[in-house]
Amino acid sequence: MAQGRGAGRKFSFEFYPPKTAEGAAKLQQTVKQLGQLGPDFFSVTFGAGGSTREGTLATVLRIREAGYAGAPHLSCVASTRAGLAEVIQEYRAHGIRHIVALRGDLPSGLAAAGEFRYASELVAFIRELTGDWFHIEVAAYPEYHPQARKAQQDLAAFKAKVDAGANAAITQYFYNPDAYFHFVDQAQAMGIQVPIVPGIMPINNFTQLARFSDACGAEIPRWMRLKLEGYGDDVASIKAFGLDVVTQLCDRLLEGGAPGLHVYTMNQAGPTSTLWQRLGL
Ligand code: FAD
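Bear in mind the structure is a predicted one, so any value in this text is a computation, not a measurement. (Residues numbered from 1 in each chain as written. Predicted model: local features only at pLDDT ≥ 70, side-chain atom pairs only at ≥ 80, totals over all residues. Heavy atoms only, no water.)

J.: Honestly, the overall build of the protein chain in this entry has me stumped. Any pointers?
T.: Along the protein chain, the regular secondary structure elements total 10 helices and 8 strands. Compactness check: the protein chain gives a C-alpha radius of gyration of 18 Å against a globular reference of 19 Å for 281 residues, within 12% of the reference. Each principal axis of the C-alpha atoms in the protein chain carries an extent, and together these give about 50 × 45 × 45 Å. Here the protein chain holds 281 residues, and 48% of them are scored as buried. A separation of at least 24 residues holds for 78% of the contacts in the protein chain among residues at least 6 apart in sequence. When the accessible surface of the protein chain is totalled, it reaches about 13300 Å², and 50% of it is carbon and sulfur. Within the protein chain, the 26 negative side-chain charges are centred at a point lying 1 Å from the centre of the 26 positive side-chain charges. (Helix = DSSP H or I, 4+ residues; strand = E, 2+ residues; numbered from the N terminus. Rg over C-alpha atoms; globule rule 2.2 N^0.38 Å. Buried < 20%, exposed > 50% of the residue type's maximum accessible area, 1.4 Å probe, protein only. Contact = heavy atoms within 4.5 Å. Areas by Shrake-Rupley, 256 points an atom, 1.4 Å probe, with all protein chains shown as cover. Lys, Arg positive; Asp, Glu negative; His and termini not counted. Charge placed at Lys NZ, Arg CZ, Asp CG, Glu CD.)

J.: How do you make sense of the site of the ligand when you look at a structure like this?
T.: If you check the shell around the ligand, you find 21 residues, and the closest are Asp105, Tyr141, His145, Asp154 and Lys161. Measuring from an oxygen atom of the ligand, one finds a backbone N or O atom of Gly104 at 3.0 Å. Within the side chain of His145, a nitrogen or oxygen atom sits 2.7 Å from an oxygen atom of the ligand. When the free accessible area of the ligand is taken as 970 Å², the share hidden by the protein chains comes to 81%. Every element with two or more residues in the shell around the ligand is listed here: helix 5 (151-163) and strand 6 (168-173). Partitioning the shell around the ligand into residue classes produces 10 nonpolar, 7 polar and 4 charged. (Near = heavy atom within 4 Å. Polar contact = N/O pair within 3.5 Å; in protein donor to acceptor, adjacent residues only side chain to side chain. Nonpolar A, V, L, I, M, F, W, Y, C, P; charged D, E, K, R; others polar.)

J.: Can you help me understand the pattern of salt bridges in this one?
T.: Once the charged atoms of two side chains with opposite charge are near each other, the side chains can pair. Taken as a whole and judged by the stated rule, the model has 8 salt bridges. Several salt bridges share partner residues, and in doing so they unite Arg53, Glu86 and Glu90 into one network. (Salt bridge = Lys/Arg side-chain N within 4 Å of Asp/Glu carboxyl O.)

J.: Explain helix 6 (residues 177-189) here, please?
T.: Since the α-helix advances by 3.6 residues per turn, residues separated by three or four positions end up pointing in the same direction. In this model helix 6 runs 18 Å from its N-terminal to its C-terminal C-alpha over 13 residues, within 8% of the 18 Å that 1.5 Å per residue would give. Burial in helix 6 covers these residues: Pro177, Ala179, Tyr180, Phe181, Phe183, Val184 and Ala187. In this structure, the buried side of helix 6 is in contact with strand 5 (135-140), helix 5, strand 6, strand 7 (196-200) and helix 9 (235-255). Where helix 6 starts, the residue carrying a side-chain oxygen 3.0 Å from the main-chain nitrogen of Asp178 turns out to be Asn176. Positive phi shows up at Gly191, right after helix 6, with a value of about 90 degrees. (Expected span 1.5 Å × (residues − 1).)

J.: Teacher, can you tell me more about the sheet that holds strand 2 (residues 41-44) here?
T.: Within a sheet, each strand pairs with its neighbour through backbone hydrogen bonds, oriented either parallel or antiparallel. Taken together, the 8 strands give a closed barrel; going around it, the order is 1-2-3-4-5-6-7-8, and neighbouring strands pair in parallel fashion. Put simply, the sheet's adjacent strands are angled 30 degrees from each other on average, direction ignored. Inspection of the sheet shows strand 7 paired to strand 8 (residues 260-264) by 2 bridges, in the parallel sense. Bridge assignment links Gly199 to a residue of strand 8, and that residue is His262. Across the sheet, helix 4 (residues 119-130) lies against strand 3 (70-75), strand 4 (98-102) and strand 5, angled at about 145 degrees from strand 4, the strand it touches most. (Pairing = 2+ DSSP bridges. Axes fitted to C-alpha atoms, helices over the stretch in contact; angles between N-to-C directions.)

J.: In this structure, what is going on with the packing of helix 2 (residues 53-65) against helix 3 (residues 81-93)? I would like to understand it.
T.: Packed helices, taken two at a time, are described by the angle between their axes plus the distance between the axes. Remark: helix 2 packs on helix 3, axes separated minimally by 12 Å, with the N-to-C direction vectors making an angle of 15 degrees. In terms of orientation, helix 2 lies roughly parallel with respect to helix 3. The way helix 2 lies across helix 3 gives a crossing that is right-handed. Contact with helix 2, carried on its side by Arg53, Thr56 and Leu57, involves Gly83, Glu86, Val87, Glu90 and Tyr91 of helix 3 and no other residues of that element. Class assignment for the residues of the contact of helix 2 with helix 3 results in 3 nonpolar, 2 polar and 3 charged. (Parallel < 35°, antiparallel > 145°, perpendicular 65-115°, else oblique. Left-handed = near helix turned anticlockwise from the far one by under 90°.)

J.: Help me out: how do you make sense of helix 4 in this one?
T.: Between its first and last C-alpha atoms helix 4 spans 16 Å; for 12 residues at 1.5 Å apiece the expected length is 16 Å, and the two agree. Those residues of helix 4 that fall on the buried side of the exposure criterion are Ala119, Ser120, Leu122, Val123, Phe125, Ile126, Arg127 and Thr130. Packing partners of the buried residues in helix 4 comprise strand 3, helix 3, strand 4, strand 5 and helix 5. Positive phi appears at Gly131, one or two residues downstream of helix 4, with a value of about 55 degrees.

J.: Even after reading the chapter, I still don't get the packing of aromatic side chains, so can you show me in this structure?
T.: The description of an aromatic ring pair rests on the distance of the ring centres and on the angle between the ring planes. Under the definition given, this model contains 14 aromatic pairs. Taking the centre distance of 6.3 Å and the plane angle of 70 degrees together, the rings of Tyr173 and Tyr264 count as edge-to-face. Within this pair, whereas Tyr173 is found in strand 6, its partner Tyr264 is found in strand 8, the two being separated by 91 residues in sequence. Tyr264 carries the same exposure label as Tyr173, and that label is buried. Among the aromatic residues, ring-to-ring pairing joins Phe11, Phe13, Phe15, Phe42, Tyr68 and Trp276 into one connected group. The ring of Trp133 has Arg92 sitting right over it, with the charged end atom 4.8 Å from the ring centre. Directly above the ring of Trp133 sits Arg97, whose terminal nitrogen or CZ lies 3.8 Å from the centroid. (Phe/Tyr/Trp six-rings, centres within 6.5 Å; stacked < 30°, edge-to-face > 60°. Lys NZ or Arg CZ within 6 Å of the ring centre and 35° of its normal.)

Nothing here speaks to function; it is geometry throughout.
Following this line, the structure appears as structure tokens:
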């Protein structure tokens, strides 16, 4: 990604670990297709309490075998220090040097919150255990985390993760670029200097998007929601409108100086490939 408007920026694509052999085979194809777009890395999510521990690592290793850089996520909710230390050392033993450190969310039915309350404690723990071995990414929330009582407290929590040793941040997805630029301005005013890469969610299915957005506190602006609802089962129109909106969003972010883009691919190659063509990346 060295030339044109992508120069000097970081691009990454996120996957979740596939649950079936069929899903794993499909993901291999997706990695190949998206690999042609020249991302800096692919990241792979981690289920709370270690539920995808093996799948996350196996997926990262397959990405590496295909010739690309892979960064596993690690979440600390419902986990012990000893268990987390094991995973961190396992990543290190495999020569993995890039990690996305998160708190995670407690799955319903799981009562124990674990030994760490916040992602900042996990970042500090990774540094304590492995020094500078890992490039650590953390999450950031331009529209604020749904559990944050005050915007200022959420910003302070973000700063705590950076102060604990995070090298960069990836945001929750959003459709209002002003929220992102405002967040970056505030972070910089607090002395935060790490790159804050916007997370991008392509739009393919309105029901699924609405469910996700309600859960994670990402706002779908009213004009978009009404338009998408109005399409009903007309999937082609939802995709075409979604592509226009997300292309314009990415254009504005890149023009406004965003240091890259991180796409939540949902393990699909098509939407990201089309978006890349439209963006001329
Ligand atoms: P934190 O930074 O710990 O923040 C959580 C909440 O606690 C916030 O409301 C914050 O304001 C508050 N807080 C933090 N520190 C303090 C403090 N000292 N005092 C008071 N309040 C505090 N989830 C997964 O399970 N697996 C994944 O792989 C995964 N990948 C993700 C990738 C990205 C890029 C993003 C944006 C999210 C991802 N998530 C993942 C979801 C994430 O785990 C949830 O959003 C979770 O609710 C918060 O995680 P966090 O790391 O931001 O937590």
